[in-house]
Protein chains: 4
Amino acid sequence: METDAPPGDHAPAEHEHASHGYITNKDDYLKRLRRIEGQARGLQNMVADEKYCIDILTQVSAMTSALESVALGLLNDHLNHCVVEAVAEGGDVAQAKLKEASDAIARLVRS
Amino acid sequence: METDAPPGDHAPAEHEHASHGYITNKDDYLKRLRRIEGQARGLQNMVADEKYCIDILTQVSAMTSALESVALGLLNDHLNHCVVEAVAEGGDVAQAKLKEASDAIARLVRS
Amino acid sequence: METDAPPGDHAPAEHEHASHGYITNKDDYLKRLRRIEGQARGLQNMVADEKYCIDILTQVSAMTSALESVALGLLNDHLNHCVVEAVAEGGDVAQAKLKEASDAIARLVRS
Amino acid sequence: METDAPPGDHAPAEHEHASHGYITNKDDYLKRLRRIEGQARGLQNMVADEKYCIDILTQVSAMTSALESVALGLLNDHLNHCVVEAVAEGGDVAQAKLKEASDAIARLVRS
């Protein structure tokens, strides 16, 4: 992944000025994501060493749960900050933010 | 593979001597896991740069799907090799392998 | 809605007087839930008639997706009505509603 | 759902002669599915009575977990009976059954 490329279909500039809510726990998220990165590396070693499939699958399940937990944390922060602010503004902005949040929730539930 | 070994968090040595079925696609799995590791690193950059939450969540969903897909591939390989071999042997070995596979499937469905 | 009522397993009477947001699509939800009820009955017939397991599993997956879709619809309605109203009121009420919504999302993602 | 219609893309005749593995727990499955049917009816009452969204979502999550549990049971039975028998026969039959089981697992994991 090109990490400096704009993810999704947003121009980065759109959001650049804003503080995005999850910032209060930034270090915690970074720590958890580093651990997840380590799990991905661990999985490569397990595959390279031809470890037992079931043990690899157990690690994949643990990693999926860790990722899910990061996602739920980010979503919670997002609702409490961005969505709350947008609702305070009201109108189309609020509608758009709520629609966007609902779509993200649906992707999480279905992924 | 020592089929009467307890499944769970056995010492790696237990399975070390065996070829574990998924080996035919080893390079493909390694490539996919390296990409997943890159996604984990990309997510850290997004959080560090305070990118928009929804964009981060989109990346998390993509990464979860990629992991799920690796898991389903490994499980398929496992059924086609280890489980088939164990069933051919029959008896307790087969029962234990089938139980172990069912438990791994349950963890995947619930994670 | 009594916004200062404890979320969780309240007595139904608590919310009885209130219009709860999803009401605009009530008939649509009822129709979808009746179809889901029919699927549950259909599954009983399939089991009673000893239909092929894989065919039963296909029906279970369809039913799970239908339920998930109802849940996402209800959650979306909830965010757009109850949560928006609570945020407009602000303070503890808003905090409680947001926490409650996040917990419901987590249950959906994990179930 | 037309319960006597062939589900999926199998002609029913194909499997009619066979005992399909889950039969040993038939009464248990029927009991669990009746309870799930009752949950679907309960959800209709909750919507009709305009109960609180979050309470309805809690019920939907419980129902989804119950369905998932039925699916995992059926899958386990299927692996232990149909797949084991097919593997004993070997050849294309075994390959087809394993492919079919893997596809069903993927649908469950993704639904």
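Residues numbered from 1 in each chain as written. Chains lettered and ligands numbered in written order. Predicted model: local features only at pLDDT ≥ 70, side-chain atom pairs only at ≥ 80, totals over all residues. Heavy atoms only, no water.

### A word on the relation of the copies chain A and chain C
Rotating chain A by 180° and moving it 0.0 Å along the rotation axis overlays it on chain C with an RMSD of 0.1 Å. Each copy turns onto its partner about a two-fold axis. Residue A:Val109, judged by its C-alpha, is the member of chain A lying nearest the rotation axis, at 2.2 Å. Mapped onto chain C, 100% of the interface residues of chain A again fall at the interface, so both copies present the same surface. (Least-squares fit on C-alpha atoms with pLDDT ≥ 70 in both. Contact = heavy atoms within 4.5 Å.)

### As for the pattern of salt bridges
With the rule as written, the count across this model stands at 24 salt bridges over all chains. Ionic pairing is found between A:Lys99 and A:Asp103, a salt bridge with its closest N-O pair at 2.8 Å. Residue A:Lys99 and its partner A:Asp103 are located together in helix 4 (residues 91–110), separated by four residues, close to a single helical turn. By relative accessible area, which is 32% here, A:Asp103 ends up partly exposed. What emerges from the salt-bridge pattern is a single network uniting A:Glu37, A:Arg41, B:Glu37 and B:Arg41. (Salt bridge = Lys/Arg side-chain N within 4 Å of Asp/Glu carboxyl O. Helix = DSSP H or I, 4+ residues; strand = E, 2+ residues; numbered from the N terminus. Buried < 20%, exposed > 50% of the residue type's maximum accessible area, 1.4 Å probe, protein only.)

### Digging into the interface of chain A and chain C
A common way to state how big an interface is: give the accessible area lost once the parts meet. The partner chain C presents 17 residues to the 17 residues of chain A that form the contact. Across the chain A/chain C interface, buried area totals approximately 1,700 Å², and carbon plus sulfur atoms make up 70% of it. Its largest share of buried area at the contact with chain C, chain A owes to A:Leu72, A:Leu98 and A:Val109, together 31% of the area lost on that side. Linking chain A to chain C there are zero salt bridges. For the pair chain A and chain C, the number of links is two residue pairs in polar contact (both at pLDDT 80 or more). Looking at the side of chain A that touches chain C, the elements with two or more residues in it are helix 3 (53–89) and helix 4 of chain A. For the side of chain A that touches chain C, the class distribution of residues is ten nonpolar, five polar and two charged. (Buried area = accessible area lost by both parts, 1.4 Å probe. Polar contact = N/O pair within 3.5 Å; in protein donor to acceptor, adjacent residues only side chain to side chain. Nonpolar A, V, L, I, M, F, W, Y, C, P; charged D, E, K, R; others polar.)

### Concerning the side chain of B:Gln44
With respect to the helices, strands and loops of the structure, B:Gln44 is situated in helix 1 (residues 26–48). When sequence neighbours within four positions are dropped, the list of residues in contact with B:Gln44 reads A:Leu30, A:Leu33, A:Arg34 and A:Glu37.

### Quick look at the relation of the copies chain C and chain D
Least-squares fitting of chain C to chain D yields an RMSD of 0.1 Å, with the transformation described by 0.0 Å of translation along the axis and a rotation of 180°. The share of interface residues of chain C whose copies in chain D are also at the interface is 86%, consistent with both copies meeting through the same surface.

### A look at the environment of B:Leu30
Tracing the chain through its elements places B:Leu30 in helix 1. B:Leu30 sits 40 residues away from B:Val70 along the chain, and the two C-alpha atoms are 9.9 Å apart. Those residues in contact with B:Leu30, other than ones at most four positions away along the chain, are A:Gln44, A:Val47 and A:Ala48.

### Things to note about unusual backbone geometry
Even without being a glycine, A:Glu50 presents a positive backbone phi close to 55°. Of note, A:Glu50 is situated in the loop between helix 2 (26–48) and helix 3.

### Digging into helix 2 of chain A
When the terminal C-alpha atoms of helix 2 of chain A are compared, their 33 Å separation across 23 residues agrees well with the 33 Å that a helix rising 1.5 Å per residue should span. Inspection of helix 2 of chain A places A:Lys26, A:Tyr29, A:Leu30, A:Leu33, A:Ile36, A:Glu37, A:Ala40, A:Leu43, A:Gln44, A:Met46 and A:Val47 among the buried residues, and these make up the whole buried set. The inward-facing, buried residues of helix 2 of chain A contact helix 3 of chain A together with helix 1 and helix 2 (53–89) of chain B. Positive phi appears at A:Glu50, one or two residues downstream of helix 2 of chain A, with a value of about 55°. (Expected span 1.5 Å × (residues − 1).)

### What to know about the confidence of the model for chain A
Residues of chain A with pLDDT of at least 70 account for 78%, and the chain-wide mean is 83. Mean pLDDT in chain A bottoms out at helix 1 (residues 13–16) of chain A, which sits at 44, and peaks at helix 2 of chain A, which reaches 96. (pLDDT = per-residue confidence, 0-100.)

### Observations concerning the interface of chain C and chain D
At the junction of the two partners, chain C supplies 57 residues and chain D supplies 51 residues. Of the roughly 5,200 Å² buried between chain C and chain D on both sides combined, carbon and sulfur atoms contribute 69%. Together, C:Glu50, C:Tyr52 and C:Leu57 form the three largest contributors to the area buried by chain C at its contact with chain D, with a combined 13%. The interface formed by chain C and chain D includes four salt bridges. Salt-bridge contacts for D:Arg41 lead to C:Glu37; the nearest nitrogen and oxygen are separated by 3.0 Å. The tally of links from chain C across to chain D stands at 15 residue pairs in polar contact (both at pLDDT 80 or more). Those elements giving two or more residues to the side of chain C that touches chain D turn out to be helix 1 (26–48), helix 2 (53–89) and helix 3 (91–110) of chain C. Residue contributions to the side of chain C that touches chain D peak at 19 residues, all from helix 2 of chain C. Taken together, the residues that form the side of chain C that touches chain D break down as 29 nonpolar, 16 polar and twelve charged.

### Observations regarding the side chain of C:Thr64
Looking at the secondary structure, you find C:Thr64 in helix 2. Classification of C:Thr64 by relative accessible area gives buried; the value is 5%. Not counting chain neighbours up to four residues away, the residues in contact with C:Thr64 comprise D:Thr64, D:Leu67 and D:Ser111.

### Regarding the packing of helix 2 of chain C against helix 4 (residues 91–110) of chain D
The interhelical angle for the contact between helix 2 of chain C and helix 4 of chain D, taken along N-to-C directions, is 15°, at an axis separation of 10 Å. If you check the angle between helix 2 of chain C and helix 4 of chain D, you find them roughly parallel. Every pair of crossing elements has a handedness; the one defined by helix 2 of chain C and helix 4 of chain D is left-handed. Touching C:Ile54, C:Leu57, C:Thr58 and C:Ser61 of helix 2 of chain C are D:Glu100, D:Ala101, D:Ala104, D:Arg107 and D:Leu108, all from helix 4 of chain D. (Axes fitted to C-alpha atoms, helices over the stretch in contact; angles between N-to-C directions. Parallel < 35°, antiparallel > 145°, perpendicular 65-115°, else oblique. Left-handed = near helix turned anticlockwise from the far one by under 90°.)

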